[in-house]
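Residue-level structural notes
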Amino acid sequence: MNYFPVFFDLTALKVLIVGGGEVALRKVALLERSGALITLVAPEVLPELQERAAAGKINLAVREFVPDDLDGARLVIVATSRRAVNRWIASLSEARSIPVNVVDDREASRFIVPAIIDRDPVLVAISTGGASPVLARRLRERLEALIPKKIGELALWLRALRHSARRRLRDTDERRRFFESIVDGPAARRFIDGDAHGAQRIAQQLLAKTSTAGRSAGEVTLVGAGPGDPELLTLKALRALQDADVILHDRLVPEGLLDMARRDAARISVGKAAGGIGSTQEQINSLLIEHARQGKRVVRLKGGDPFIFGRGGEELEALAKAQISFSVIPGVTAAAGCAAYAGIPLTHRDYAHSVTFVTGHADDEGREPDWRALAKPGLTAVFYMGLARMEQIAARLVAHGAAASTPAAVIAQGTLQDQCVVTGTLATIAAVAVASDIQSPALLIVGEVVSLHASLAWFNPGAAAAPAEVSQSA
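None of these values were measured; they are calculated from a predicted model.

By secondary structure assignment, the location of Ile438 is in the loop between helix 16 (429-435) and strand 17 (442-446). Overall, the relative accessible area of 10% leaves Ile438 in the buried class. Among residues more than four places away in sequence, those in contact with Ile438 are Leu387, Val410, Ala412, Cys420, Val422 and Ala433.

Shown next, in the form of structure tokens:
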């Protein structure tokens, strides 16, 4: 984040604008709505600016800028056509620790002015960090169509409700949940549709019900985070993250996805690397139960899908035994997501009539999968967590009837920008993976469908072509 987004209260504070052209006029028109005391300095000014000065809306000095103009200023905007003058004023402002914006000169600016959607008191600011003002405007146009015109009036109504909510709901969490119910439920919809009386009636009924109810029971939601790309998160999963009080996440959840969660939610990492030290399943179960019993809304965020090698079933069993309310939001499992991004269809009429997901390591009692079934032709086998045993997996498949020439692929960091796909055969894939320095998390896919990767790979098509048994997309 190159710029920290803030909203200044400029009421009755001096803002200096240097420049008298069209750009300065636009800045004045924007700042007038903030209640700032605007001082404009320029040797030549547009008639519209002179009219504003005559009406007492701005203080106007028709002359060249002098350093004393900075006295008392809390914000400076420089909009002259002379680059050297602009940078001189910027350096003077910087020396006085006054935030300064130089129009069309990001390097000389301490702050930038975003594209704004004004639904006072609701403001939406859109910034590209100065990279593309045109893109910021286009985003604003799209959001303008999505945000109701009455959203500002809704905010004022919600502010009026805060007094009665504080008086009748002493607990902070209760008040937050009350307002979530208002905003997400029929009360807000009624208000936006113009039925303020109906909205007020619903709000008062909900407030009365909430104030007499006991402490809210906690709940746990198992959420599938998908294979990595944050845009593969489902809408329902996003809502759960936004509502969560506590998020227990595993190692496979990328930071970009966690950034989509509620900012003040407690985040607890409970994952571990392969062969590393981390939370045991019993400890995770205990944490889920502990936080839920405190009345918290808990999200257990798991990479891929919680019911496919995610031990989600075990966690639900523990919650059911503890009589904790729970629900499940499925996610895109790693096999489906990573194979799709690698251009490997898991089933295909000409190559594979079935697909099997297999854990790459033996279970706690040393039991192995049915290697003979997995070695049959016409089947795609996807091995999760099998990177460390890839050589043994390939050898077992060949020993039980699979041809050594059967195509195989390893996908690491699937669906992410550093995705890497290497291909080979059962005879060569382990060596190819080692030579390519493949790191966990990675999937092994075995079957004739892997041969389609060479022609169907689409993700990051600009990647350089790799040698004959190794194709990479990074």
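Still to come is the rest of the account.
One pass over the full model with this rule turns up nine aromatic pairs. When the ring of Trp458 is compared with that of Phe459, the centres are 5.7 Å apart and the planes differ by 70 degrees; the resulting orientation is edge-to-face. What makes Trp458 partly exposed here is its relative accessible area of 44%. For Phe459, a relative accessible area of 13% translates into the label buried. A connected cluster of aromatic rings, assembled from ring pairs, spans Phe309, Phe357 and Tyr384.

Turning next to the side chain of Arg262. Here Arg262 lies in the loop between helix 10 (255-258) and strand 10 (266-269). A polar contact of 2.5 Å, which involves the side chain of Arg262, links it to the side chain of Asp264.

Strand pairing in a sheet relies on backbone hydrogen bonds, with the paired strands running either antiparallel or parallel. Taken in spatial order, the five strands of this open sheet run 10-9-11-8-12, and their pairing is parallel. The sheet terminates laterally at strand 10 and strand 12 (325-329), the two strands that pair on one side only. Within this sheet the neighbouring strands show an average axis-to-axis angle of 20 degrees, counted without direction. Summarising the sheet, strand 9 (residues 246-249) and strand 11 (residues 297-302) pair through four bridges and their orientation is parallel.

Any two side chains of opposite charge can pair, given that their charged atoms come close. Taken as a whole, this structure holds 30 salt bridges when the rule is applied. With a closest N to O distance of 3.5 Å, Arg83 and Asp105 form a salt bridge. With Arg83 in helix 3 (residues 83-95) and Asp105 in the loop between strand 5 (100-102) and strand 6 (115-119), this residue pair connects regions lying 22 residues apart in the sequence. A residue is classified by how much of its surface remains accessible, and Arg83, at 52% relative accessible area, is exposed. The buried category is assigned to Asp105, whose relative accessible area is 9%. The shortest N-O distance in the salt bridge between Arg176 and Asp245 comes to 2.4 Å. Of this pair, Arg176 sits in helix 6 (residues 172-184) while Asp245 sits in the loop between helix 9 (235-243) and strand 9; the two residues are 69 residues apart in sequence, bridging distant segments of the chain. Each member of the salt-bridge network shares a partner with another, and the members are Asp173, Arg176, Arg177, Glu180, Asp245, Arg262, Asp264, Lys296 and Arg297.

Calculation criteria
Residues numbered from 1 in each chain as written. Predicted model: local features only at pLDDT ≥ 70, side-chain atom pairs only at ≥ 80, totals over all residues. Heavy atoms only, no water. Helix = DSSP H or I, 4+ residues; strand = E, 2+ residues; numbered from the N terminus. Buried < 20%, exposed > 50% of the residue type's maximum accessible area, 1.4 Å probe, protein only. Contact = heavy atoms within 4.5 Å. Phe/Tyr/Trp six-rings, centres within 6.5 Å; stacked < 30°, edge-to-face > 60°. Polar contact = N/O pair within 3.5 Å; in protein donor to acceptor, adjacent residues only side chain to side chain. Pairing = 2+ DSSP bridges. Axes fitted to C-alpha atoms, helices over the stretch in contact; angles between N-to-C directions. Salt bridge = Lys/Arg side-chain N within 4 Å of Asp/Glu carboxyl O.

Geometric descriptors of this kind do not, in isolation, establish any biological role.
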